[in-house]
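Below are the chains, spelled out letter by letter.
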Amino acid sequence: MKIQVIAEREQKIQTEVKEIRKVFFCELCNKQYKLAVEFEAHLSSYDHNHRKRFKEMREMHGTSSRDDRQKREQQRQEREIAKFAQIADARKQQLQQQEQPEQPGIAVASAATRSATVLADQEQRKALKFGFSSKGGTSKNSVGNAAKKPKVAVASVFGNDSDEE
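Given the structure is predicted, the values throughout are model-derived calculations rather than measurements.

Here is what the cut-offs are and how they apply
- Residues numbered from 1 in each chain as written.
- Predicted model: local features only at pLDDT ≥ 70, side-chain atom pairs only at ≥ 80, totals over all residues.
- Heavy atoms only, no water.
- Helix = DSSP H or I, 4+ residues; strand = E, 2+ residues; numbered from the N terminus.
- Buried < 20%, exposed > 50% of the residue type's maximum accessible area, 1.4 Å probe, protein only.
- Contact = heavy atoms within 4.5 Å.
- Areas by Shrake-Rupley, 256 points an atom, 1.4 Å probe, with all protein chains shown as cover.
- Phe/Tyr/Trp six-rings, centres within 6.5 Å; stacked < 30°, edge-to-face > 60°.
- pLDDT = per-residue confidence, 0-100.
- Disulfide = S-S within 2.5 Å.

Asker: I keep staring at the overall build of the chain and nothing clicks. Help me out?
Answerer: Of the regular secondary structure elements, the chain holds five helices and two strands. The buried share of the chain, reckoned over its 165 residues, is 9%. Considering only intrachain contacts with a sequence separation of at least 6, the fraction spanning at least 24 residues in the chain is 20%. Accessible surface, the chain: about 15,600 Å² in total, of which carbon and sulfur atoms supply 55%.

Given below as structure tokens:
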């Protein structure tokens with residue numbers, strides 16, 4: 001009977017110690033401290049404050065970035081649907097032209113379908129350019145080669161640099 005009383009007392013002490021230690025547990029950092037001094041030092045540490053600020057920032061910006069991402073995704077899908085609809089219309093026009101007998105107006109219609117596909121290609125190119133300017137199609141190489149200066153021989157200040165004397 002004494003052993004049972006001692007075991008119950010030890011178990012009670014252990015549960016009380018656990019309850020006391022819960023006070024020195026930082027849930028944000030998932031760290032346990034034994035002494036109040038250690039816990040207070042942790043609360044004023046860079047690591048704890050950095051995690052705290054990061055969590056606050058995520059809470060503030062988390063919903064807005066998700067909404068923005070969904071909005072951009074929806075806009076992208078709408079652009080793709082419009083592009084496919086435009087291509088489908090161009091194909092329908094081509095099929096109608098092929099079914100009809102040769103007439104002078106066909107050349108005008110085929111030019112219209114070509115311009116529609118060119119516009120679709122241009123829209124796709126604009127969507128694919130990520131960090132490039134929208135200026136004309138000239139590159140540095142083509143401009144640089146056209147206005148390249150001829151090489152001119154320059155006399156050396158040191159005279160003849162050869163080892164022969």
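Asker: I tried to follow the packing of aromatic side chains on my own but got confused; where do I start?
Answerer: The geometry of an aromatic ring pair is captured by the separation of the ring centres together with the interplanar angle, meaning the angle of the planes. Enumeration according to the criterion identifies two aromatic pairs in this entry. Through a chain of ring-to-ring contacts, three or more aromatic side chains come together here, namely Phe24, Tyr33 and Phe39.

Asker: For this particular structure, what's the right way to read the confidence of the model for the chain?
Answerer: Interpretation of this model should avoid reading the predicted coordinates in detail wherever pLDDT is low. Considering every residue of the chain, the mean pLDDT works out to 76; 60% of them sit at 70 or more. Looking across the chain, the model is least confident in helix α5 (residues 140-146), with a mean pLDDT of 51, and most confident in helix α2 (residues 36-43), with 92.

Asker: Explain the state of the cysteines here, please?
Answerer: Covalent bonding between the sulfur atoms of two cysteines defines a disulfide. Inspection of the entire model under this criterion finds zero disulfides. Cys26 forms no disulfide, and the closest cysteine sulfur to it belongs to Cys29, at a distance of 3.7 Å. With relative accessibility at 4%, the residue Cys26 sits in the buried group.

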